[in-house]
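# Geometric and topological summary
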Amino acid sequence: MKNYIIAIDGFSSCGKSTVAKDLAKKLAIAYVDTGAMYRSVTLYALKHGFITDCKFDEQAIISSLNDIDITFTYEASTGTNTTFLNGQNVEKEIRGIQVSQNVSKVSAIQAVRAKLVDYQRNMGQKTSLVMDGRDIGTVVFPNADLKIFMTARDEVRAQRRYDEMKQKGETVDFETILTNVKERDLIDTTRKESPLRKADDAVLLDNSDITKEEQFDFIINELKKRHII
Ligand code: DC
């Protein structure tokens, strides 16, 4: 059977990675979390002092791109994805609020996008995969076999992120999360480089009021309709 690509794009915290992981597990294909790549570059910039409270040194970030190596391990049986930045497991750190507050600005840098998009396209040449992000259906894989564009109401998304962080034991405040969700939406949709938008041929999926199971079945049905599975 030929390799196929499922592109899942959409707003932050609307459950893209959850459904992408479930699909990867069910279909026994690879899962690639492109947000983790932008988050890793952001973490690198924070750790090296390129981003501080009063500074955002875009040039330093661009100059350091060749020193940044991002790799993943994916355990299909458990659906566990682990991100490594220069060989170090950063899976937990890249989900923290400091990275979340700066990642949209880092992902708006053209040179950062060029490097990561190149890497993402290479991954798709070798194997079937489900990839989630903001520009997968529009830029990375415009010929993806199935494109899903996910959304949900702001408050619903903030609540999900809040619950997720609480569960991980992080001290968080709902209003801060909601503000971050809204700010990221604004930057992601209005940036010059590959803004977040629904591809014309993507299927819209608003999951504010449906269960995870309904959402999963909806996508499986779209795959079947296209004879992908
Ligand atoms: O999916 P996420 O919330 O982990 O993504 C983090 C940020 O990375 C998000 O605010 C926008 C950016 N991003 C992007 O610009 N393009 C992608 N393909 C994936 C993420």
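Residues numbered from 1 in each chain as written. Predicted model: local features only at pLDDT ≥ 70, side-chain atom pairs only at ≥ 80, totals over all residues. Heavy atoms only, no water.

## A few points about the pattern of salt bridges
Heads up, the condition is: By salt bridge we mean one thing: a side-chain nitrogen of Lys or Arg within 4 Å of a carboxyl oxygen of Asp or Glu. Runs of E in the DSSP output that reach at least two residues are strands. Runs of H or I that reach at least four are helices, and both are numbered from the N terminus. Summary of the burial criterion: residues with accessible area below 20% of their type's maximum are buried, those above 50% are exposed, and those between are partly exposed, where the area comes from a 1.4 Å probe applied to protein chains only.
Tallying each qualifying case throughout the model produces 13 salt bridges. The residue Arg-134 makes a salt bridge to Asp-188 at a minimum N-O spacing of 3.2 Å. Residue Arg-134 is located in the loop between strand S8 (129-133) and helix H6 (136-140), and its partner Asp-188 is located in helix H8 (residues 174-190); the two are separated by 54 residues in the primary sequence. Arg-134 sits in the buried class, given a relative accessible area of 16%. Of the residues examined, Asp-188 reaches a relative accessible area of 3% and is grouped as buried. One salt bridge in this structure joins Lys-225 and Glu-222, with 3.1 Å as the shortest N-O distance. Here Lys-225 and its partner Glu-222 are both found in helix H9 (residues 212-225), three residues apart, which amounts to about one turn of the helix.

## Thoughts on the sheet that holds strand S2 (residues 30-33)
Keep this limit in mind: At least two bridges found by DSSP between two strands is the condition for calling them paired. Only the stretch in contact is used when a helix axis is fitted, and all axes are lines through C-alpha atoms; the angle between N-to-C directions ranges over 0 to 180 degrees. By definition in these notes, contact holds between two residues if any of their heavy atoms fall within 4.5 Å.
Pairing within the open sheet is parallel, and its five strands lie in the order S2-S8-S1-S9-S10. Each edge of the open sheet carries a strand with a single partner, namely S2 and strand S10 (203-206). In this sheet, adjacent strand axes meet at a mean angle of 20° when their direction is disregarded. Here H9 sits on the sheet and contacts strand S1 (5-10), strand S9 (146-151) and S10; the angle it forms with S10, its principal contact strand, is near 170°.

## Points about helix H5 (residues 110-126)
Short version of the rule: The span you would expect from a helix comes to 1.5 Å times its residue count less one. By construction, the arc corresponds to the directions joining the helix axis to the C-beta atoms.
Compared with the 24 Å implied by 1.5 Å per residue over 17 residues, the 25 Å span of H5 between its first and last C-alpha is a close match. Residues Val-112, Arg-113, Leu-116, Val-117, Gln-120, Met-123 and Gly-124 constitute the buried set of H5. Looking straight down H5, one finds that the buried residues subtend no more than 120° of arc, so they occupy a single side. Exposed residues on H5 whose side chains face more than 90 degrees from its buried face are Gln-125 and Lys-126.

## A word on the site of the ligand
Applicable threshold: A cutoff of 4 Å decides nearness: a residue is near a molecule or strand if any of its heavy atoms lies inside that distance of it. Think of a polar contact as two N or O atoms within 3.5 Å of one another; within protein, one of them needs to be a possible hydrogen donor and the other a possible acceptor, and neighboring residues in sequence only count if both atoms come from side chains. Areas reported as accessible are Shrake-Rupley estimates using a 1.4 Å probe. Residue values count occlusion only from the protein chains shown.
The environment of the ligand is made up of 15 residues, and the closest members are Arg-39, Arg-113, Arg-134, Asp-135 and Arg-191. One nitrogen or oxygen atom from the side chain of Thr-34 is found 3.0 Å from a nitrogen atom belonging to the ligand. Asp-188 places a side-chain nitrogen or oxygen 3.3 Å from an oxygen atom of the ligand. Considering the ligand on its own, with 440 Å² of exposed area, one finds that the protein chains cover 97% of that surface.

## Here we look at the sheet that holds strand S5 (residues 70-75)
Spatially, three strands are ordered S5-S6-S7 in an open sheet, and the strand pairing comes out antiparallel. The open sheet has two edge strands with one neighbour each: S5 and strand S7 (88-89). In this structure, strand S6 (residues 80-85) lies alongside S7, joined through two bridges in antiparallel fashion. Following the sheet pairing, Phe-84 is matched in S7 by Asn-89.

## Some remarks on the environment of Ser-100
Relative to the helices and strands, Ser-100 resides in helix H4 (residues 97-106). Here Ser-100 falls in the buried class, since its relative accessible area comes to 2%. Linking Ser-100 and Ile-177, residues 77 residues apart in sequence, is a C-alpha distance of 9.5 Å. If we skip the residues at most four places from it in the chain, Ser-100 touches Arg-39, Arg-95, Arg-161, Asn-180 and Arg-184.

## Things to note about the environment of Thr-83
Take Thr-83: it is sitting in strand S6. When the C-alpha positions of Thr-83 and Asp-206 are compared, they lie 28 Å apart, and in sequence the two are 123 residues distant. What Thr-83 contacts, discounting residues up to four positions off in sequence, is Ala-36, Ser-40, Ile-70, Thr-71, Phe-72, Gln-88, Asn-89, Val-90, Glu-91, Ile-94 and Arg-95. There is a polar contact of 2.7 Å between the side chain of Thr-83 and the side chain of Glu-91.

Shape is all these values report; function is a separate question.
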